[in-house]
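Survey of secondary and tertiary structure
As a plain string of letters, each chain reads:
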Amino acid sequence: MAPTTDERGVPIPTIEHDDEGFPPSPTLGASSLDLRPAIHSPDVSAKPTCNPTSNPSSPGVGADLTFSKKYLPLRELTLNSRPLVKRAIQFSCDGDLAVAADDSVHVFVPEFPDLTRRRKRIAEGGDPESSDEEETNEQKGKYNPEMFRTQYSEGSKHMPVSFPPLDPRINKELYDAEGMPFPYDKTSAPPKPQGVEKDTNGQEDGRDAGDGDQADGVEGDDDDDWEDDSDDSSVDDDPAGGGARLGSNQPYGAGSGPITSVGSSMNHVVKISWSPSELGVNRRPILGILTGAGTLAMYGDGDMAANVLGSANGYMLQRRELASWLVLWGVGERMMVPGQSPAYSEYIRTFAWAQEIGPGQALLATLNDAMEIAIISVQTVVYVEEVSEKGRAVGGPAEKTVWHVRELVRFKAEGPHLPVSTMDPDYVPCGTSFGLSFGPWLEDDGGRTCVLGYLDRNYVGFRKLRIDKPWTRGQLPKLQVENKDTHGQCVHLTTDGFIEFEQGIFHKGDMIGCRGMISTGWHPVPFEVSLASGALAETAKHKTGVCGTTYNLQHCENPIIDMVVHPPPDPARPTPTPLYTLVRLSATPTTPNWYETNVPSALAADSNSPYFQWARSIQQKLEVLVPADMYQKRAYGADDSDSDEESDDGVLMEDTLEDDEGVNYTGEGLTAIDLTTDANVAREVKVVPEVHPHRFRFHGLTLSAGGGASAVLVSAHSTQHPERGGWHTQRSQVLFSYKPRRASGRSLSMYMDDDNLNFSLVSSMSTEGKLFEYLYGGGPDVPGVHYPLSSDPRHAHVAQIFAPVVRNQKCEVCGAAVTQSMRKEDLVGCEKGHFFGICALSGLAVQKPGMTRSCGTCGFKTMRPEILLQKVPEDIKEEVKGVIGRGSCMACSGKFLN
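What comes next concerns the included structure. (Residues numbered from 1 in each chain as written. Predicted model: local features only at pLDDT ≥ 70, side-chain atom pairs only at ≥ 80, totals over all residues. Heavy atoms only, no water.)

1. A closer look at the overall build of the protein
Tallying secondary structure elements over the protein gives 13 helices and 41 strands in all. The contacts in the protein between residues at least 6 apart in sequence include a share of 65% that link residues at least 24 apart. Total accessible area computed for the protein in this model is approximately 41900 Å², and 51% of it derives from carbon and sulfur atoms. (Helix = DSSP H or I, 4+ residues; strand = E, 2+ residues; numbered from the N terminus. Contact = heavy atoms within 4.5 Å. Areas by Shrake-Rupley, 256 points an atom, 1.4 Å probe, with all protein chains shown as cover.)

What follows is the structure in structure tokens.
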């Protein structure tokens, strides 16, 4: 029987738990606010809904995802930071979560369950759904610390990205990979100034001992500091001015802006975006971070071995640690990549990744302040090094990842509208840091085609790109870019507009193309683009008054902060318009249009309501009413003697409140009542009005790779008190929404007839994305994770290659033969009783530490490639390289932990 008091004698409150041991969440109450019609584009046929009203029959925020030792719930995250821009949160294709702050970025990695026992039961013909978490009666009454563990609660990284500034020499390896001289090499620096003598401490006169390479954020070397960190301002024949000055300490500043050109930006975070899958080390995505100085830096795993955190319990897999993350390379201020001119230091205004092309291949588009779009080829080539045990420790890095980054083409992205002077009476601010977006790829026998959408002043243009097949990894692609836009649309755009494409190719009659939504800053506007049509005829230059896009003709006072386009449930039967959800800047009781969606209830997280759980939770808090006199006093709830000393409280007590009928209430009118006398029954008491104490500000919204889970970044504020404090008081929260998990035991092919599941989308996702979607997005079971894949022909081929090596194994401890007759579960032993782990790929005994790497989704441990190459004869090494060189787990196609 569970104890009723703790060790101090304090009674323990009893809480009813559900079947899996977690207290159920309360259901949401009914809303008391009237819904106002949403302001939306007239072209949207499905009328969007705004101001989510709670449904009494809908489950609470925590229902459906009950506590389990191996299924961590999604709970809100509280951050000690707040971003300065919109669109500040994004999911990766693998379930990683990036959240932007003012001068830093938070990165969270998911923790996946260990389903090895389930796969074993299936292989043995047992019941896959038998519980692994049965607790004895004694365990049920004990304190369980696992109840408080949630997803993303561990393994996060908080990276400062604004300071120190990046050193241009981080791109030197890019030039070495292309066989090109590095423009910032010390040989291009001016000679050492005359008349400079070294002091007794070995430092040049006029320079502190702390100056040097460390000032640029890169450790120094033994070379001469004057050659390595010289200022090229002394070069008289500089033809291009400050932008062409070479040297690792090139003066800060980029572009032509009055602030950024002289390096005076505060360098805050402007935009974050994950790359497509399978691009970086271990085929994981990398994170692009754009800062206010015009610098685009790429962060991701390096080649060095990282510390892998142990599993939290026997039901979870090992966890990733981001200690190996570093700046891989960069573009923009003071930095350049091969193929770019060293005579110009450009300011990057925005960037975008193309959708997935292939392993280790991607396209990156950047837009500078001169409205020039550069298409950059980004590739990684992994070389497997054969290293003997004497040459290097076995556990060290044996795979070298080489980045090949090169600019392919550059073109002007300008619309048909004439420039407007800031002194013009009709001038309206326009500009965005999110004005680039790639559409989905349309593949054919000769290559693949997509469109690149960009924003100019009151104009949305779409330029067609095509890559011819084949694109050999490590070589430049054959890229073709149209000279003119394929499609263009004049529309009023305010600041920070953006484009969102719908996933997948859109079919409408004989038209094959893509579609999506445009955020004008105030309203969503749908669009459709044909991928089969040619370029448009060039539109004559004209003023915005000619096309009627100078002003916003639809009234709205709450700008759009973020918008997501949901994956189509059935690509063969598309909806009239793309399904979208957006959030606006401010959520208050008087701004009911802060949430807008046209997603039907059947496709939402809850079939009874078309709203995300976080939307219903925020709406509940907005509906809270408290007496106004509670907020008359700032130190409400504190000791009276302390509050009387606060001068601010005295001012607030004298403020006058006015209700709807015009009756004034002051602090003097709120007379205290003595409840101990009978005279109070007949005493007339003034009714104190009630106020809404809460309001929220949104900073971003994102969807998971499959669209089943979502996250929103918000900050809570008071409606009655002004905010006070500095940067250290800034707070924000990440709220989640999810779908209930489907019944297990069904393969992916059994869901092909499900109208609410995009089979083609789920099939194309990464294994990590599929597993994350199963946990929180209502996705199906993951092949190789929930059930073994015995039909893969590669398994039989690998077993055939290593069969002779397995039969002839010797124990490195005693020299006895390692035989399969001594096998015990996941261990194999020699004739004298020494047992070792087993490589899941080859079946060889793992007889030394540091020889294996683990899959992050199924937990299989396989030997490192260089170790396996040492075990096979020379004549079949090339064949083995072709099998194990894929870089992914052969059991589930998951990614390895470094």
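2. Topic: the pairing of strand 5 (residues 104-108)
Counting buried residues along strand 5, 5 of its 5 residues qualify, which places the element largely inside the surrounding structure. Side chains S104, H106 and F108 of strand 5 all project onto a buried face; the interleaved residues V105 and V107 project onto the opposite face, where all are buried too. Relative to strand 5, strand 4 (residues 97-100) is paired through 4 bridges, and the arrangement is antiparallel. The residue of strand 5 that forms the bridge with L97 is F108. Counted between consecutive antiparallel strands, the loop separating strand 4 from strand 5 contains 3 residues. With 4 bridges joining them, strand 5 and strand 6 (residues 157-160) adopt antiparallel strand pairing. (Buried < 20%, exposed > 50% of the residue type's maximum accessible area, 1.4 Å probe, protein only. Pairing = 2+ DSSP bridges.)

3. Describing the side chain of E502
Within the fold, E502 resides in the loop between strand 21 (498-501) and strand 22 (506-508). Exposure remark for E502: the relative accessible area of 4% places this residue in the buried category. A polar side-chain atom of E502 sits 2.8 Å from a polar atom in the side chain of R515. Contacts of E502, omitting those with residues within four sequence positions, involve P440, R515, G516, V565, H566, P568 and P578. (Polar contact = N/O pair within 3.5 Å; in protein donor to acceptor, adjacent residues only side chain to side chain.)

4. Overview of unusual backbone geometry
In this structure, the amide linkage connecting F163 to the following residue, P164, adopts the cis form with an omega of 0°. By secondary structure assignment, the location of P164 is in the loop between strand 6 and helix 3 (172-178). The residue N267 is not glycine, and still its phi comes out positive at about 60°. Its place among the elements puts N267 in the loop between helix 4 (225-228) and strand 7 (269-274). With relative accessibility at 11%, the residue N267 sits in the buried group. Of note in this structure, E278 is not a glycine but carries a positive phi near 65°. For E278, the location among the structural elements is in the loop between strand 7 and strand 8 (287-291).

5. What to know about the sheet that holds strand 10 (residues 325-332)
Across the sheet, which stays open at both edges, the 4 strands sit in the order 7-8-9-10 with antiparallel pairing between neighbours. Two strands lie at the open edges of the sheet, namely strand 7 and strand 10, each paired on one side alone. Averaged over all adjacent pairs, the angle separating strand axes in this sheet is 20°, with direction ignored. Sheet topology note: the strand 8/strand 9 (residues 295-301) ladder contains 4 bridges and is antiparallel. When the sheet's bridge partners are listed, L287 is paired in strand 9 with Y299. (Axes fitted to C-alpha atoms, helices over the stretch in contact; angles between N-to-C directions.)

6. Considerations on the sheet that holds strand 37 (residues 827-830)
Through backbone hydrogen bonds, the strands of a sheet pair up, either in parallel or in antiparallel fashion. Within the open sheet, the 4 strands sit side by side as 36-37-38-39. Their pairing is antiparallel. Each having just a single partner strand, strand 36 (818-824) and strand 39 (845-846) make up the two edges of the open sheet. Sheet topology places strand 38 (residues 835-838) next to strand 39; 2 bridges connect them, and they run antiparallel. Note on strand 39: the bridge partner recorded for I838 is A845.

7. Thoughts on the pairing of strand 18 (residues 459-468)
Burial analysis of strand 18 places 9 of its 10 residues in the buried class, the great majority of the element. Looking at chain direction, strand 17 (residues 447-456) and strand 18 are connected through 10 bridges and run antiparallel. Each residue of the ladder has a partner; that of G453, found in strand 18, is F462. Between strand 17 and strand 18, which pair antiparallel in sequence order, lie 2 residues; one of them, N458, sits at a positive phi of approximately 50°. Examined bridge by bridge, strand 18 and strand 20 (residues 487-490) share 4 bridges and lie antiparallel to one another. Note on strand 20: the bridge partner recorded for Y459 is C490. Sheet topology places strand 18 next to strand 19 (residues 479-481); 3 bridges connect them, and they run antiparallel. Bridge assignment links L465 to a residue of strand 19, and that residue is V481.

8. Here's the deal with the environment of V331
Looking at the element boundaries, V331 is found in strand 10. The exposure class assigned to V331 is buried, which follows from its relative accessible area of 0%. Between the alpha carbons of V331 and A297 there is a distance of 6.5 Å; along the sequence they are 34 residues apart. Every residue in contact with V331, bar those within four places of it in the chain, is listed here: G294, T295, L296, V337, Q340, E346, I348 and I376.

9. Describing the nonpolar core
The biggest cluster of nonpolar side chains holds 51 residues, and the ones touching the most others in it are L97, V105, Y152, L287, I289, V734 and F736. Considering each element in turn, this core owes the most residues, 5 residues, to helix 10 (residues 767-776). Residues contacting L287, with those up to four places away along its chain left out, are A98, V105, V107, I272, S273, W274, A297, M298, Y299 and W325. In terms of nonpolar packing, the next biggest core, distinct from the first, is built from 21 residues, M371, C450, Y459 and I467 among them. (Core = buried A, V, L, I, M, F, W, Y, C linked by side-chain atoms within 4.5 Å.)

10. Observations regarding the environment of H834
Mapped onto the fold, H834 is located in the loop between strand 37 and strand 38. By relative accessible area, which is 29% here, H834 ends up partly exposed. Placed 18 residues apart in sequence, H834 and A816 show a C-alpha to C-alpha distance of 9.3 Å. Sequence-distant contacts of H834, defined by excluding residues within four places in its chain, comprise C811, V813, C814, V828 and G829.

11. Things to note about the packing of aromatic side chains
Enumeration according to the criterion identifies 18 aromatic pairs in this entry. Centre to centre, the rings of F462 and F527 are 4.9 Å apart; their planes meet at 35°, and the pair counts as tilted. Remark: F527 occurs in strand 24 (residues 524-530) and F462 occurs in strand 18; sequence separation between them is 65 residues. Residue F462 is classed as buried on the basis of its relative accessible area, which comes to 0%. The structure contains a cluster of three or more aromatic residues connected by ring pairs, namely F91, F108, Y152, F736, F772 and Y776. Over the face of the ring belonging to F351 we find K271, whose NZ or CZ atom lies 5.1 Å from the ring centre. (Phe/Tyr/Trp six-rings, centres within 6.5 Å; stacked < 30°, edge-to-face > 60°. Lys NZ or Arg CZ within 6 Å of the ring centre and 35° of its normal.)

12. Points about helix 13 (residues 877-884)
Structural remark: α-helix, 3.6 residues per turn; residues separated by three or four positions point the same way. Every buried residue belonging to helix 13 is among K877, V880, V883 and I884, and all of these are buried. All buried residues of helix 13 lie within an arc of 120° about the axis, which places them on one face of the element. Away from the buried face of helix 13 by more than 90 degrees, exposed residues E878 and G882 are located. (Arc of directions from axis to C-beta.)

13. Here we look at the pattern of salt bridges
Counting across every chain of the model gives 25 salt bridges. Across the pair D781 and R118 runs a salt bridge whose closest N-O atoms are separated by 3.9 Å. Of this pair, D781 sits in the loop between helix 10 and helix 11 (793-807) while R118 sits in helix 1 (residues 116-123), and the two are 663 residues apart along the sequence. Of the two residues, D781 and R118, both sit in the buried class. As a salt-bridge pair, E346 and R410 come within 3.1 Å of each other at their nearest N and O atoms. Here R410 lies in strand 14 (residues 399-412) and E346 lies in the loop between strand 10 and strand 11 (348-353), a separation of 64 residues in the sequence. The exposure class of R410 is partly exposed, given its relative accessible area of 29%. (Salt bridge = Lys/Arg side-chain N within 4 Å of Asp/Glu carboxyl O.)

14. A look at helix 10
Taken across its 10 residues, helix 10 has 10 buried, putting it largely inside the fold. Turning to helix 10, its buried residues number three or more, namely T767, E768, G769, K770, L771, F772, E773, Y774, L775 and Y776. One or two steps after helix 10, the chain reaches G778, where phi turns positive at roughly 70°.

15. Digging into the environment of P440
One can find P440 in the loop between strand 15 (436-438) and strand 16 (442-443). Judged by its relative accessible area of 3%, P440 falls in the buried class. Each C-alpha atom of the pair P440 and F506 lies 9.5 Å from the other, and the pair is 66 residues apart in sequence. In this structure P440 touches Q355, T449, C450, F501, E502, G504, I505 and C514, once residues within four positions along its chain are discounted.

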